[in-house]
Amino acid sequence: MPFVQAFKKRMQDFGAKAAFNRSLLFSESQVLAEFLRYLKRSLNLVDAEVFLVDEALQRDEPGFTPTIIETSEPGSPAFEYRNV
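Another aspect to go through is the overall build of the protein chain. In terms of helices and strands, the protein chain carries five helices and zero strands. By the burial criterion, 11% of the 84 residues in the protein chain qualify as buried. Look at the contacts in the protein chain between residues 6 or more apart in sequence, and 25% of them connect residues 24 or more apart. As displayed, the protein chain offers around 7,200 Å² of accessible surface, 56% of which is attributable to carbon and sulfur atoms. Charged side chains of the protein chain number 10 positive and 12 negative; the gap between the two group centres comes to 8 Å.

Below you can see the structure in the form of structure tokens.
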């Protein structure tokens, strides 16, 4: 399980208190939203959107796979691509 291995390493490197702190000092969704224009241009995408986990899990359509969405965590967003 990659998440467990990464978490154990984080505990070794930074200690339990820092490893269990799952917050960021900035708004990750805001940074991603500001980054969208660059992302679309550099990857030649027709469209790109940023969703919070709760919003994405409520969507029942192609491009919203729960197992991919649930892998996101603070500092490590999940991405899903699809052809339109």
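The sharpest bend along helix H3 (residues 28-43) reaches about 45° and sits at Phe 35. For H3, the set of buried residues is Glu 28, Leu 36 and Leu 39. A positive phi of about 55° marks Asn 44, the residue just after H3.

Mapped onto the secondary structure, Pro 74 falls in the segment after helix H5 (66-69). Overall, the relative accessible area of 37% leaves Pro 74 in the partly exposed class. Taking the C-alpha atoms as reference points, Pro 74 and Phe 51, separated by 23 residues in sequence, lie 13 Å from one another. When near neighbours in sequence (up to four residues on either side) are disregarded, Pro 74 contacts Arg 22, Leu 24 and Glu 28.

The subject of this paragraph is the pattern of salt bridges. Inspection of every chain in the model, using the stated rule, returns two salt bridges. Of the charged contacts, one joins Arg 59 and Glu 61 as a salt bridge, the two residues approaching to 3.3 Å between their closest N and O atoms. Looking at Glu 61, the relative accessible area reads 35%, which means it is partly exposed.

Looking at the protein chain as a whole, the pLDDT averages 85, with 99% of positions reaching at least 70. Per-residue pLDDT, averaged within each element of the protein chain, yields its smallest value for helix H2 (residues 16-20) (79) and its largest for helix H4 (residues 53-58) (91).

Before going further, it helps to spend a moment on the packing of aromatic side chains. Under the defined criterion, the tally for this structure stands at two aromatic pairs. Ring plane angle 45° and centroid distance 5.3 Å describe the contact between Phe 35 and Tyr 38, whose orientation is recorded as tilted. Taken together, the positions of Phe 35 and Tyr 38, both in helix H3 and three residues apart, correspond to about one turn of that helix. Using a relative accessible area of 36% as the deciding quantity, one classes Phe 35 as partly exposed.

Here the focus is unusual backbone geometry. The phi angle at Asn 44 is positive, at roughly 55°, despite the residue not being glycine. Structurally, Asn 44 is set in the loop between H3 and H4. Classification of Asn 44 by relative accessible area gives exposed; the value is 70%.

Calculation notes
- What you see as residue numbers is a count from 1 along each chain, following the sequence as written.
- Where local features are concerned, this predicted model is filtered to residues with pLDDT of at least 70; where side-chain atom pairs are given and counted, the filter is 80 or more; whole-chain, interface and lining totals use all residues.
- In computing side-chain properties, one takes all heavy atoms of the structure into account and sets aside hydrogens as well as water.
- To qualify as a helix, a DSSP run of H or I must reach at least 4 residues; to qualify as a strand, a run of E must reach at least 2; elements of each kind are numbered from the N terminus.
- With a 1.4 Å probe rolled over the protein chains alone, any residue whose accessible area is under 20% of its type maximum counts as buried; one over 50% counts as exposed, and the rest are partly exposed.
- Any two residues whose heavy atoms approach within 4.5 Å at even a single point are treated as in contact.
- The Shrake-Rupley method, run with a 1.4 Å probe sphere, supplies the accessible areas, and residue values consider only the shown protein chains as cover.
- Asp and Glu count as negative and Lys and Arg as positive, but His and the ends of the chain are not part of the count.
- Where a charge sits is defined by one atom per residue type, namely NZ (Lys), CZ (Arg), CG (Asp) or CD (Glu).
- In this scheme, the bend at a residue equals the angle between the axes fitted to the seven residues that finish there and the seven that begin there.
- What makes a salt bridge here is a side-chain nitrogen of Lys or Arg within 4 Å of a carboxyl oxygen of Asp or Glu, nothing more.
- Summary of the metric used: pLDDT quantifies the predictor's per-residue confidence within the range 0 to 100.
- Working definition: a ring pair exists when centres of Phe, Tyr or Trp rings (six-membered ring for Trp) sit within 6.5 Å. Plane angles under 30 degrees give stacked, over 60 give edge-to-face, the rest tilted.

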